[in-house]
Amino acid sequence: MRSYKLNLLAVAFALSATTMSSMPAMAGSDDSFAPGGTAIDHHTEQFKNLKIVMDLKTENPAGVAFGATVASRIMDHPGAQLVVVIEGPGISVFAKKNYLDHQGIVDNWVALVDKGVRVEYCGNSVRGVGLKPSDMTGLSKKNPAVVNAGAYPTLAHYESLGFNPVVTTLLEK
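Below is a summary of the structure that appears in this document. Because the structure is a prediction, the values reported are computed rather than measured.

Let's talk about the environment of Pro153
Position of Pro153 among the secondary structure elements: in helix H6 (residues 151-160). Between the alpha carbons of Pro153 and Cys122 there is a distance of 9.8 Å; along the sequence they are 31 residues apart.

Section: the packing of helix H3 (residues 61-75) against helix H4 (residues 103-114)
Put simply, H3 and H4 touch, their axes get as near as 10 Å, and they point 25 degrees apart. As far as their axial angle goes, H4 and H3 are roughly parallel. Once H3 is placed against H4, the crossing between them reads as left-handed. Contact residues: H3 offers Pro61, Val64, Ala65, Gly67, Ala68, Ala71 and Ser72, while H4 offers Ile105, Asn108, Trp109 and Leu112.

Observations concerning unusual backbone geometry
Generally, phi is negative for residues other than glycine and the peptide bonds are trans, each holding for most cases. A positive phi angle, near 60 degrees, is found at Asn49, a position not held by glycine. Asn49 gets classed as exposed once you look at its relative accessible area, which sits at 59%. Non-glycine residue Leu139 carries a positive phi angle of around 70 degrees. On the secondary structure map, Leu139 appears in the loop between helix H5 (123-128) and strand S4 (146-148).

A word on the nonpolar core
Of all hydrophobic cores here, the largest spans 30 residues; its most connected members are Leu82, Phe94, Trp109, Val119, Tyr121 and Leu139. Secondary-structure elements contributing two or more residues to this core are strand S1 (51-57), H3, strand S2 (81-87), H4 and strand S3 (118-122). With 6 residues, H3 is the single largest residue contributor to this core. Counting 8 residues, the second-largest nonpolar core is a separate cluster that includes Val83, Cys122, Ala151 and Phe163.

Overview of the side chain of Thr137
One can find Thr137 in the loop between H5 and S4. If sequence neighbours within four positions are ignored, Thr137 has contacts with Phe94, Ala95, Lys96, Tyr121 and Ala145.

Brief notes about the environment of Arg118
In this structure, Arg118 sits in strand S3. A relative accessible area of 30% means that Arg118 is categorised as partly exposed. Along the chain, Arg118 and Val85 lie 33 residues apart, while their C-alpha atoms are 8.5 Å from each other. Look past the residues within four positions of Arg118 in its chain and what remains in contact with it is Leu82, Val83, Val84, Asn143, Val146 and Tyr158.

Things to note about the packing of aromatic side chains
Counted according to the given criterion, the structure contains 3 aromatic pairs. Relative to Trp109, the ring of Phe94 lies with its centre 6.2 Å away and its plane at 75 degrees, an arrangement referred to as edge-to-face. Linking Phe94 in the loop between S2 and H4 with Trp109 in helix H4, this pair joins segments that are 15 residues apart in sequence. Taken as a pair, Phe94 and Trp109 share a single burial class, namely buried. Judged by centre distance (5.3 Å) and plane angle (40 degrees), the ring pair of Phe94 and Tyr121 falls under tilted. Note that Phe94 is positioned in the loop between S2 and H4 and Tyr121 in strand S3, a separation of 27 residues in sequence. Both residues of the pair, Phe94 and Tyr121, count as buried. Taken together, Phe94, Trp109 and Tyr121 form an aromatic cluster joined through their ring pairs.

Cut-offs applied
Residues numbered from 1 in each chain as written. Predicted model: local features only at pLDDT ≥ 70, side-chain atom pairs only at ≥ 80, totals over all residues. Heavy atoms only, no water. Helix = DSSP H or I, 4+ residues; strand = E, 2+ residues; numbered from the N terminus. Axes fitted to C-alpha atoms, helices over the stretch in contact; angles between N-to-C directions. Parallel < 35°, antiparallel > 145°, perpendicular 65-115°, else oblique. Left-handed = near helix turned anticlockwise from the far one by under 90°. Contact = heavy atoms within 4.5 Å. Buried < 20%, exposed > 50% of the residue type's maximum accessible area, 1.4 Å probe, protein only. Core = buried A, V, L, I, M, F, W, Y, C linked by side-chain atoms within 4.5 Å. Phe/Tyr/Trp six-rings, centres within 6.5 Å; stacked < 30°, edge-to-face > 60°.

Structure representation (structure tokens):
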């Protein structure tokens, strides 16, 4: 009799384990577990004539590289106009003396400038890392980077010209 009860208990446990293991699969396919149902896929949608001023706050080279990725994705949209104001200690990536250390990142920005992105360095950040405007790379002879009076007045200037502000910050773990 004891063996029968143990077998019955084992069968009951196996059935409940099977039922429980199938729960996540059922939850994933059932919209009743998702508030609002399922998201609508628009990730390939193209927007036309975006006019953006991006405030790129950078702590380090990784933040500068991330900003280039965001800028590239914005420029994939037809007719996009983009001004990037770079501020924070990561601005030292663009110092001429640091070019060889960060050549890949800077060259990505040169390619973006060649596509029409306008880059402005925050003058306060340049001074804050002990540099002068003449210490900074120009990125392009046709479309040179500018050292401005400060990020906030520059951002306000572009907003007054109809550019929409976007703040970009790398979220680190």
